[in-house]
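For reference, the chains in residue letters:
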Amino acid sequence: MSDMKGGQRAATIAVLVENEAGVLARVIGLFSGRGYNIDSLTVAPVDETGQISRITVVTSGTDMVIEQIKAQLDRLVPVHKVSDLSIEGPHLTRELALIKVVGRGENRMEVLRLADAFRARVVDATTESFVLEMTGNGDKIDAFVALMRPIGLAEVSRTGAVAIARGPKGIME
Amino acid sequence: MSAATQAPPSTEALTLSGAEVVLRALKDNGVEVIFGYPGGAVLPIYDSIFQQNAIRHILVRHEQAAVHAAEGYARSTGKVGVVLVTSGPGATNAVTGLVDALMDSIPVICLTGQVPTHLIGNDAFQEADTTGITRPATKHNYLVKKSEDLSRVMHEAFYVAKSGRPGPVVIDLPKDILINKAPYREATTQSHRSYRPRTEPDAKGIREAVRLLKRAHRPIVYAGGGVINAGPEASRLLREFVRMTGMPCTNTLMGLGAFPAEDPQFLGMLGMHGTYEANLAMHGCDVMFNIGARFDDRVTGRLNAFSPGSKKIHADIDPSSINKNVAVDVPIVGDARAVLAAMIEAWKADEAPQDKSAIAAWWRQIEGWRGKDCLAYRQESKIIKPQHAVKRLYEITRELGRDTFITTEVGQHQMWAAQYFGFDKPNRWMTSGGLGTMGYGLPAAMGVQIAHPDALVIDIAGEASILMNIQEMGTLAQYRLPVKVFILNNEYMGMVRQWQELLHGGRYSESYSASLPDFVKLAESFHAVGMRAEGIDDLDRVIREMIAIDKPVIADICVAKDENCFPMIPSGAAHNEMILAPGQEGGVAGVTDEGKVLV
Ligand SMILES: Cc1ncc(C[n+]2csc(CCOP(=O)(O)OP(=O)(O)O)c2C)c(N)n1
Ligand SMILES: [Mg+2]
């Protein structure tokens, strides 16, 4: 995900933070206060005691801006570690989406055919609707949602990206 | 400074009231004085203050002033300044001071009262979302919700405020936490879970920096407030480095005093109102060594024309300051003292000779710029020139040999103070640089005088700024603080008037100081001494009398009303496009519309 556009690049940044009150507000406030973009942001505790949360933020900017973002994040007091997955080597990005599609007759068959092709699972169904669950990178979800739109897309809920580096090395190493 | 604090680890807890825990933690962290203002939410702390003698409380007249006083205390001592205010309006009044401390990297701890935990979020009386409001106004903040966290948070706040790049920390204290019993544990030597700023520089960067500087033909050292924050030893090392290398040195507004003003290698302050020689040397250098400064827009002028031909070395304790505005060739993360010590070592170790003849040629060029005498002014009539008032103040204090601390308000007088008052030591100059807060100088002077009871402390003020925290004259009287307020009274918001003259066609919109008080009577009503210099014949006498009186004084110095502060790099212009005073030839830059949008 490091496509270059007019000197801009997208960056997927993983931030390990102390799981304390206000920490998410601090991170988001940093982005809004300094005018940085947030394309998506996810957060959840990731250690056994729930003390440490991992924030995955997808942002974009020039190299200088992205270096700034990382340095600004790193100097926040409750931040343990900042890692720019997009430049530190190969990494995986996934997003989960729940997609509600409404329709009858032939449209229902079409939904199921396309869902199968995109490896989306039916997790809820009525006689006139489906809720499909799908994981993948953002582009794949975008493509699927675009296909559902003319058929009867009713609602989409997406998590935003989570990401991890490939290989045996952990983020704190 | 990797350990949280100094005391040995201890696990046995002492049980005290929360308020007692707060005071005990302050004492154990070496606090002797706090600046505060009471109210409902902090009454338990005030009750504990009443029952002890270890910590002195200074009652200010406005919470903003409490923070500036703590800043003055911190900047003149190198210690953490401590503030205590109540919830709601007490906390919101403190916000300007907190942002001021954040912008200038001053270690301050501000204890704010809060409504009891069960009422938080209920719009209770005098409730404000203090941690929400101060999140972008502080380096870090805490809301203490559990009594068992209280002593840890108190100790941690000191570590956070003073380590790495220093800054203000807020601790929000709900009233029930102050009343309920809480365990007190001493600070541990354990390092902080997540905040461990780097202070020792990387040897490779240092070697590269020395390699560039040794081979430079036109080097310059550009030193900022980071050198002052790193302690007096850093200033000593800066002097040693600059002398051993023979390079010219310039200081930022925040760095004044880091290098002695009378040293022949000092080029004066740089930037918007910096000297001609400092700015042209920055523009024309081939290698620049920035130590503890942040390429602020007041310093760089138009970025794409900033020192175009130089290799840039930037040493800073805050990695986010590096490559923020200006792309640099050699980044060095570290404390200024550690960096300078390493640079001196590496300089000695590097065998390559310096090109002495190139350096001599560089100095000849600098002497040419110096010859312009850009700070010259003519004191020709009976009307006191503001520059002359500052110059005489400087000369007389030197002649008397008093240890002198200067604070300022914000405006032309601030720049004249920076230009005409020389500082030979660090920690003697307190001004609001980053935020530019009118009303800073008087309370800051108060904090300085508390820390240095026998020193001469002078607030160089403007007649408009001084009114923004004039209520602190009451504090001076109560604690017998002999602060001198030296007002350069031009009956204008002079800096605003100057910009209107130069950029807005001389339309002086709302910049006249109308209906001013009689400052002499005002001083008297606050139990201080008032005096006035109406013309040049009064000036020296008033300065001498002011200094001689062992009481707070307001000296109202009536100065020329239409004087402008030069040299000046207009906004959006480059260093080599500075405007000199009328009568001195030099590049006069027209200000473009693009420049006008800048402040
Ligand atoms: C709190 C605050 N409000 C407004 C300003 C904008 N401002 C900068 S200088 C100035 C005029 C200051 O006038 P005075 O104190 O008389 O100083 P002089 O420039 O005349 O020396 C103003 C209004 C500011 N810096 N701070
Ligand atoms: Mg004025």
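The sections below set out a description of the structure shown in this document. Predicted model, so just to flag it, every value in this text is computed and none were measured.

## Quick word on the sheet that holds strand β12 (residues 287-291) of chain B
All names here are of chain B.
- On the basis of which strands lie adjacent, the open sheet formed by 6 strands has the order β11-β10-β9-β12-β13-β14 and parallel pairing. The open sheet is flanked by β11 (266-269) and β14 (330-333), the only strands paired with a single partner. Averaged over neighbouring strand pairs, the angle between their axes works out to 15° when direction is ignored.
- One ladder, built from 5 bridges, connects strand β9 (residues 219-223) with β12; its direction is parallel. What sits directly across from V221, in β12, is F289.
- Contacting β9, β12, β13 (311-316) and β14, helix α8 (residues 203-214) runs over the sheet at an angle of about 135° to β14.
- Seen against the sheet, helix α10 (residues 232-245) touches β9, β10 (249-251) and β12 and runs at an angle of roughly 170° to β9.

## Some details on the environment of F35 of chain B
All names here are of chain B.
- By the secondary structure assignment, F35 is in strand β2 (residues 33-36).
- In the structure, F35 is positioned 457 residues away from Y492 in sequence and 32 Å away in space, judged by C-alpha atoms.
- When near neighbours in sequence (up to four residues on either side) are disregarded, F35 contacts H57, I58, V60, A66, A69, A70, Y73, V82, V83, L84, G447 and I450.

## Considerations on the sheet that holds strand β6 (residues 140-143) of chain B
Residue and element names in this part refer to chain B.
- Spatially, 6 strands are ordered β3-β2-β4-β5-β7-β6 in an open sheet, and the strand pairing comes out parallel. At either margin of the open sheet sits one strand with a lone partner, and together these are β3 (56-59) and β6. Strand-to-strand twist of the sheet, defined as the mean angle between neighbouring strand axes without regard to direction, takes the value 20°.
- The pairing of β2 with β3 spans 4 bridges and is classified as parallel. Residue pairing in the sheet places I34 in a bridge with H57 of β3.

## Here we look at the nonpolar core
Residues and elements named next belong to chain B.
- The biggest cluster of nonpolar side chains holds 107 residues, and the ones touching the most others in it are L238, F289, I291, F486 and I557.
- Aside from chain neighbours lying at most four places away, what touches F289 is L213, I220, V221, Y222, F241, I313, A315, V339, L340 and M343.
- A101, V108, I466 and I554 belong to the second largest nonpolar core, which has 47 residues in total.

## Here we look at the side chain of E156 of chain B
- Structurally, E156 of chain B is set in helix α6 (residues 150-162).
- Discounting residues that sit within four places of it in the chain, E156 of chain B has contacts with Y142, H192 and R193 of chain B.

## Thoughts on the coordination of the magnesium ion (ligand 2)
All names here are of chain B.
- The protein atoms that coordinate the magnesium ion (ligand 2) are E463 (OE), E463 (OE), N490 (OD1) and Y492 (O), at distances spanning 2.1 to 2.8 Å.
- Between the 6 donor atoms coordinating the magnesium ion (ligand 2), the angles at the centre fall across 51 to 172°, so the site counts as irregular.
- We note that the donor set of the magnesium ion (ligand 2) lies within a single chain, spaced as E-x26-N-x1-Y. With E463 in the loop between β17 (456-462) and α18 (473-478) and N490 in the loop between β18 (484-489) and α19 (494-503), this residue pair connects regions lying 27 residues apart in the sequence.
- For E463, a relative accessible area of 1% gives the class buried.

## Brief notes about the interface of chain A and chain B
- Facing 14 residues of chain A, the contacting portion of chain B comprises 19 residues.
- Contact with chain B buries area across many residues of chain A, yet R26, M64 and V77 of chain A alone supply 44% of it, more than any other trio.
- The tally of links from chain A across to chain B stands at 2 salt bridges.
- Between R193 of chain B and E18 of chain A there is a salt bridge, with its nearest N and O atoms 3.0 Å apart.
- The tally of links from chain A across to chain B stands at 7 residue pairs in polar contact (both at pLDDT 80 or more).
- Contributions of two or more residues to the side of chain A that touches chain B are made by α1 (23-33), α2 (63-74) and β5 (79-84) of chain A.
- Per element, the largest residue contribution to the side of chain A that touches chain B is 4 residues, and it comes from α2 of chain A.

## Focus: unusual backbone geometry
All names here are of chain B.
- Across the junction of F566 and P567, the peptide omega takes the value -5°, indicating a cis bond.
- Phi at S515 is positive, roughly 50°, even though this residue is not glycine.
- Residue placement: S515 occurs in the loop between α19 and α20 (519-525).

## Some thoughts on the packing of α1 of chain A against α2 of chain A
Residue and element names in this part refer to chain A.
- Orientation of α1 relative to α2, taken along the N-to-C sense of each, is 145°, at an axis distance of 11 Å. In this structure, the crossing between α1 and α2 has a hand that is right-handed. Contact residues: α1 offers V27, L30 and F31, while α2 offers I69, Q72 and L73.

Here is what the cut-offs are and how they apply
Residues numbered from 1 in each chain as written. Chains lettered and ligands numbered in written order. Predicted model: local features only at pLDDT ≥ 70, side-chain atom pairs only at ≥ 80, totals over all residues. Heavy atoms only, no water. Pairing = 2+ DSSP bridges. Helix = DSSP H or I, 4+ residues; strand = E, 2+ residues; numbered from the N terminus. Axes fitted to C-alpha atoms, helices over the stretch in contact; angles between N-to-C directions. Contact = heavy atoms within 4.5 Å. Core = buried A, V, L, I, M, F, W, Y, C linked by side-chain atoms within 4.5 Å. Buried < 20%, exposed > 50% of the residue type's maximum accessible area, 1.4 Å probe, protein only. Donors = N, O, S within 2.8 Å, 3.2 Å for Na, K, Ca; no water. Tetrahedral: all angles 85-135°; square planar, octahedral: opposite > 155°, others 65-115°. Buried area = accessible area lost by both parts, 1.4 Å probe. Salt bridge = Lys/Arg side-chain N within 4 Å of Asp/Glu carboxyl O. Polar contact = N/O pair within 3.5 Å; in protein donor to acceptor, adjacent residues only side chain to side chain. Left-handed = near helix turned anticlockwise from the far one by under 90°.

It is worth stressing that arrangement in space is one thing and function is another; only the former is reported here.
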